[in-house]
Amino acid sequence: MRQHEVISAGALSGVLGGGVMTALSAIGAALQGDDPSLSLAAIGETLAGGDAGASKIALGALLHLATCAAIGILFAAVVPREFPTACAAGLGVGIALFTAGAMMSTIVPWANPGFRARIQAIGGTWTIAVAAFGAALGAAPFLRRWISGAAPAAADRRPVPAARAPVAPSTRAS
């Protein structure tokens, strides 16, 4: 296992997923009439407290993307490079939902007690956003192959139809 390939692919897939997660959370909040930066502000309160203003949104974005990159690196370190991308996406969704549940029941209540109450305004959207983050983690094996220059996994290649030999016309007399 090459460290550079795992760290690069994992961080990239994690940050990509974190961006998708942030965008979906912002859209969900806006559709419900809330501030689109609701989720980033709630995350930022972990470091900045409740009265930090705009700086808590920036801190929230940094903390969120750093956490997503770390989860992406762990995912890339565990999932083999040859793992098919579609299977990795499904596994990523499961791991992301499990990780979110574990974090919401252990780490988040200790680090930011108000987060759960703030994020419940977009609860269903947040769950979909977490699943989308997990699907983006599934890009890690593909990115590892791309970074290393390895051939795509067999499941990622589409079969090429075999060339057919020309069929000779029938010589049967009518």
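What this report covers is the structure whose coordinates are included nearby.

What counts, and where the lines are drawn
- Residues numbered from 1 in each chain as written.
- Predicted model: local features only at pLDDT ≥ 70, side-chain atom pairs only at ≥ 80, totals over all residues.
- Heavy atoms only, no water.
- Helix = DSSP H or I, 4+ residues; strand = E, 2+ residues; numbered from the N terminus.
- Buried < 20%, exposed > 50% of the residue type's maximum accessible area, 1.4 Å probe, protein only.
- Contact = heavy atoms within 4.5 Å.
- Polar contact = N/O pair within 3.5 Å; in protein donor to acceptor, adjacent residues only side chain to side chain.

1. Things to note about the environment of Q32
(1) Moving on: Mapped onto the secondary structure, Q32 falls in the loop between α1 (3-31) and α2 (38-48).
(2) Moving on: Look at Q32 and you get partly exposed, because its relative accessible area is 43%.
(3) Moving on: Between the alpha carbons of Q32 and I122 there is a distance of 7.7 Å; along the sequence they are 90 residues apart.

2. Quick notes on α2
Residues lying three or four places apart along an α-helix face the same way, a consequence of the helix completing one turn every 3.6 residues.
(1) Moving on: The buried count for α2 comes to 8 of 11 residues, which makes it a mostly enclosed element.
(2) Moving on: Of the positions making up α2, those classed as buried are L38, S39, L40, A41, A42, I43, G44 and E45.
(3) Moving on: Looking at the buried positions of α2, the neighbouring elements they touch are α1, α3 (54-78) and α6 (115-119).
(4) Moving on: G49 lies just past α2 and shows a positive phi near 85°.

3. Brief notes about the environment of T67
(1) Moving on: Note on placement: T67 falls in helix α3.
(2) Moving on: Note: C-alpha distance between T67 and G14 (53 residues apart in sequence) is 8.3 Å.
(3) Moving on: A distance of 2.8 Å separates a polar atom in the side chain of T67 from the backbone oxygen of L63.

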